Amino acid sequence: MVSETATKDDIRRFWTSLYESLYEDVDRDLTREQLFRSLEDLEDMFRFRGHMAAVEMPLAELAGKRVLEIGPGAGGHSALFARHGAVMTAVDISFDRARATDAKFRLMDDAARGCQALQGDTENLPFADGSFDIVYSNGVLHHTLDTQRALDEAFRILKPGGRAVIMLYCKSSWQYWFNIFLCVGILQGRIFRDGPNWVGRATEWGGKKAQTVANPITRCYSASGIKTLFHRFRDVTLRKREFYFYLIPKLGRLYRRYQIRRYGTHPGGILVYGEPWPIQSPLELKLGEIMGFAWFISARKPG
Ligand SMILES: C[S@@+](CC[C@H](N)C(=O)[O-])C[C@H]1O[C@@H](n2cnc3c(N)ncnc32)[C@H](O)[C@@H]1O
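Conventions we followed
Residues numbered from 1 in each chain as written. Predicted model: local features only at pLDDT ≥ 70, side-chain atom pairs only at ≥ 80, totals over all residues. Heavy atoms only, no water. Axes fitted to C-alpha atoms, helices over the stretch in contact; angles between N-to-C directions. Helix = DSSP H or I, 4+ residues; strand = E, 2+ residues; numbered from the N terminus. Parallel < 35°, antiparallel > 145°, perpendicular 65-115°, else oblique. Contact = heavy atoms within 4.5 Å. Nonpolar A, V, L, I, M, F, W, Y, C, P; charged D, E, K, R; others polar. Buried < 20%, exposed > 50% of the residue type's maximum accessible area, 1.4 Å probe, protein only. Arc of directions from axis to C-beta. Expected span 1.5 Å × (residues − 1). Bend = angle between axes of the 7 residues up to and from the residue. Patch = residues over 30% accessible without salt bridge, like charges linked within 9 Å, V, L, I, M, F, W, Y side chains within 5 Å. Areas by Shrake-Rupley, 256 points an atom, 1.4 Å probe, with all protein chains shown as cover. Salt bridge = Lys/Arg side-chain N within 4 Å of Asp/Glu carboxyl O. Near = heavy atom within 4 Å. Polar contact = N/O pair within 3.5 Å; in protein donor to acceptor, adjacent residues only side chain to side chain. Pairing = 2+ DSSP bridges. Right-handed = clockwise from strand over helix to strand, strands pointing away.

**Q** Break down the packing of helix α1 (residues 8–22) against helix α5 (residues 95–108) for me, citing the residues and quoting the values.
**A** The N-to-C vectors of α1 and α5 enclose an angle of 50°; their axes lie 8 Å apart at closest approach. It follows from the interaxial angle that α1 and α5 lie oblique. Touching Trp15, Thr16, Leu18, Tyr19 and Glu20 of α1 are Asp96, Arg97 and Ala100, all from α5. The class makeup of the residues in the contact of α1 with α5 is 4 nonpolar, 1 polar and 3 charged.

Next up, the structure:
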């Protein structure tokens, strides 16, 4: 699924352009008070969804822990962990995204003491072996050129006994087989037109402006693929979540309108999606456990 010609520059360009489209408006005028309120909303949304940021991440035990977030996006997750006392380092390949994350730490001031965000690459992390208690990454490592190398780097910079909390896309899911493979790949003919990285081209945009840059890489993993990636770790646990009817191509748009009327939206989406999150129905929450698109993974470095 990887385009042979994709480069790190392509990856950087795509994610920077999506940042401008999704988050710039939200970040431009963000005040300290709004940020703290939004972080409470974000945590509430994560708890409702059973997201790993509030389940696998030990929020109540983060105080003083050295935590690395790989690919923080606009910085919402990192700011939440800092709010719980973690000493955060965040590394993103896009300078604009690293800057947006750092700006949130600066707004938090004393509440994010010692926290920093830098531009960098998950495949070559600029840290000594055994530097962090926890490595956290939500929906990032399946977008880099060499995912195994990224996992090996995460392993290297963890302290012995440290934990990785990682979300990767799930292949054995409705989103992959029905929405992506059947509807987009076969019926829209993208498999035949877009070459080996057609899945990348078919996923991720969701920006507020028209897309001008293609997403170079998206990969999806089976449970056995995850076991292979995490072969050096111990106590690997997997949880499947995240199912949305509104992602069904075309028809999903109608459902989304109904969903918002029926269940409303949650303000917790603002920091991480640039807009309120349409609340999932109880049926979608249940289906997520069976055929969701996210693997929430927790693993321990031996020692
Ligand atoms: C789907 S976004 C997820 C953002 C954030 N984790 C969230 O959940 O909102 C993917 C993120 O990974 C970053 N990224 C992609 N490839 C990367 C790499 N090789 N090294 C570091 N960051 C990378 C992108 O810039 C982007 O911020």
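**Q** An account of the packing of helix α3 (residues 32–49) against α5 is needed here, citing residue identities and associated values.
**A** Two numbers describe how α3 lies on α5: the axes approach to 9 Å, and their chain directions differ by 105°. Considered as vectors, α3 and α5 are oriented roughly perpendicular to each other. Side by side, α3 and α5 meet where Arg32, Leu35, Phe36 and Leu39 of the first sit next to Lys104, Leu107 and Met108 of the second.

**Q** Which residues make up helix α13 (residues 282–291), and what values do they have?
**A** Listed as buried for α13 are Glu284, Leu287 and Gly288. Along the axis of α13, the buried positions cluster into a sector of 115°, meaning they face one direction only. Counted as exposed and oriented over 90 degrees from the buried face of α13: Pro282 and Ile290. Contacts from the buried residues of α13 go to β6 (234–241) and α11 (251–263).

**Q** Quick rundown of helix α7 (residues 174–187)? Include the residues and the values.
**A** At 3.6 residues per turn, the α-helix brings residues three or four places apart onto the same side. For α7, with 14 residues, the first-to-last C-alpha span of 16 Å runs short of the 20 Å given by 1.5 Å per residue. At Phe181, α7 is bent by approximately 40°, the largest bend along its length. Among all positions of α7, only Gln175, Tyr176, Asn179, Ile180, Cys183, Val184 and Gly185 are buried. Along its buried surface, α7 packs onto α8 (190–193) and α9 (198–202).

**Q** Please provide a residue-by-residue account of a nonpolar patch on the surface, values included.
**A** On the surface, a nonpolar cluster with roughly 420 Å² of combined accessible area is contributed by Leu182, Ile186, Leu187 and Phe192. In this structure, Leu182 sits in helix α7.

**Q** If you had to explain the site of the ligand to someone new, which residues and values would you point to?
**A** Near the ligand you find 19 residues, and of these Gly71, Asp92, Asp121, Thr122 and Asn138 are the closest. Contact distances for the ligand include 3.0 Å between an oxygen atom and a side-chain N or O atom of Arg97. The separation between a nitrogen atom of the ligand and a polar main-chain atom of Thr122 is 3.0 Å. For the ligand, whose unbound accessible area comes to 600 Å², protein coverage reaches 94%.

**Q** Go over the pattern of salt bridges with me, naming the residues and quoting the values.
**A** Tallying each qualifying case throughout the model produces 20 salt bridges. Of the charged contacts, one joins Glu123 and Lys8 as a salt bridge, the two residues approaching to 3.4 Å between their closest N and O atoms. Here Glu123, found in the loop between β3 (116–119) and β4 (132–138), pairs with Lys8, found in helix α1; they are 115 residues apart in sequence, far enough to count as distant. Using a relative accessible area of 6% as the deciding quantity, one classes Glu123 as buried. Taking the relative accessible area as the measure of exposure, Lys8 reaches 19% and is therefore buried. Residue Arg232 pairs with Asp152 through a salt bridge whose shortest N-O separation is 3.9 Å.

**Q** Quick rundown of the environment of His143? Include the residues and the values.
**A** By the secondary structure assignment, His143 is in the loop between β4 and α6 (147–157). Given a relative accessible area of 5%, His143 falls into the buried group. Through-space distance from the C-alpha of His143 to that of Gly200 is 8.2 Å; in sequence the pair is 57 residues apart. Polar contacts involving the side chain of His143 include one to the side chain of His142, which spans 3.3 Å.

**Q** Let's hear about the pairing of β4: which residues, and what values?
**A** For β4, a buried count of 7 out of 7 residues is recorded, marking the element as mostly surrounded by other parts of the structure. As paired elements, strand β1 (residues 66–70) and β4 share 3 bridges and run parallel to each other. From the neighbouring strand, Leu68 faces β4, where its bridge partner is Val135. Summarising the sheet, β4 and strand β5 (residues 158–169) pair through 6 bridges and their orientation is parallel. Looking at β5, one finds that Ile134 is bridged to Arg163. Note that the unit made of β4, α6 and β5 has a crossover that is right-handed.

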